[in-house]
Amino acid sequence: PVVDGDQVMGSVTEADLLSRLISDPDATSHPVKEIMTDPFPIVSKSLPIDRVTAHLNSGHGAVLVRLEGDGGGFEIITKSDLLGALVDVGRNDRS
C-alpha cells in the first residue's frame, strides 16, 4: 500500500511497476504517486475468508487487514498467501 501518514492513498503491485517500466524505462526516477493505482480494499480481521477470497477474485491484488491497538497499521493478504494456506491445510489433512 501507498500511505501518507495513516491514510492509504493507493497501491503499487509488481504488475504495475513492470508495466510502467516497460512503457517508460525512465519511470524509475518518478515518484510513487505517478505509478500507484487505486488502494486495496481494507477489511476487518473478523471478515470471513470467503469474503476475503471474493475481494481477491474480483481483481484486487490484495486486501489490507486493519490492525487494532497501538499504532494501528495493516497486514496484507494476497492470493499467494491464500494459496499457501490452502496447501498447508492440504498437507496437514494428509498427515
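Definitions and cut-offs
Residues numbered from 1 in each chain as written. Predicted model: local features only at pLDDT ≥ 70, side-chain atom pairs only at ≥ 80, totals over all residues. Heavy atoms only, no water. Helix = DSSP H or I, 4+ residues; strand = E, 2+ residues; numbered from the N terminus. Rg over C-alpha atoms; globule rule 2.2 N^0.38 Å. Buried < 20%, exposed > 50% of the residue type's maximum accessible area, 1.4 Å probe, protein only. Core = buried A, V, L, I, M, F, W, Y, C linked by side-chain atoms within 4.5 Å. Contact = heavy atoms within 4.5 Å. Pairing = 2+ DSSP bridges. Axes fitted to C-alpha atoms, helices over the stretch in contact; angles between N-to-C directions. Polar contact = N/O pair within 3.5 Å; in protein donor to acceptor, adjacent residues only side chain to side chain. pLDDT = per-residue confidence, 0-100.

Caption draft 1: Broad picture of the overall build of the protein. For the protein, the helix and strand inventory stands at 3 helices and 5 strands. Counted from the first residue to the last, the protein has its helices and strands arranged as β-β-α-β-α-β-β-α. Relative to the compact-globule value of 12 Å for 95 residues, the protein shows a C-alpha radius of gyration of 16 Å, a clear excess of over 25%. In terms of overall dimensions, the protein has a C-alpha envelope of 50 × 35 × 20 Å along the principal axes. Within the protein, the fraction of its 95 residues that count as buried is 19%.

Caption draft 2: Region of interest: the nonpolar core. Of all hydrophobic cores here, the largest spans 7 residues; its members are Val43, Leu47, Val52, Leu56, Val63, Val65 and Leu82. Elements supplying a minimum of two residues to this core: helix H2 (49–57) and strand E4 (62–66). Apart from residues lying up to four places away in sequence, Val52 is in contact with Leu47, Val63 and Ile77.

Caption draft 3: Representation of the sheet that holds E4 within the structure. One open sheet accounts for 3 strands, arranged E3-E4-E5; its pairing is mixed. Of all strands in the sheet, those bounded by a partner on one side alone are strand E3 (42–43) and strand E5 (74–78). Pairing geometry for E4 and E5, over 5 bridges, is antiparallel. Within E5, the position partnered with Val63 by the bridge is Ile77. In the packing of H2 onto the sheet, contacts are made with E3, E4 and E5, and the angle to E4 comes to roughly 140 degrees.

Caption draft 4: Main features of the pairing of strand E2 (residues 7–10). In this sheet, E2 lies alongside strand E1 (residues 2–4) in antiparallel orientation, the contact comprising 3 bridges. The residue bridging Val2 from the neighbouring strand is Gly10, located in E2. Linking E1 to E2, which pair antiparallel, is a turn of 2 residues; within it Gly5 sits at a positive phi near 70 degrees.

Caption draft 5: Here's a closer look at the side chain of Ser11. Assignment of secondary structure puts Ser11 in the loop between E2 and helix H1 (14–23). Ser11 gets classed as buried once you look at its relative accessible area, which sits at 1%. Reaching out from Ser11, the side chain makes a polar contact with the backbone oxygen of Asp38 at a distance of 2.6 Å. Those residues in contact with Ser11 that lie beyond four places of it in its chain are Pro1, Val2, Asp16, Met36, Thr37, Asp38, Pro39 and Phe40.

Caption draft 6: Representation of the confidence of the model for the protein. Looking at the protein, the pLDDT average stands at 88 and 97% of residues meet or exceed 70. At the level of individual helices and strands, the protein shows its lowest average pLDDT in helix H3 (residues 79–94), which scores 81, and its highest in E3, which scores 93.

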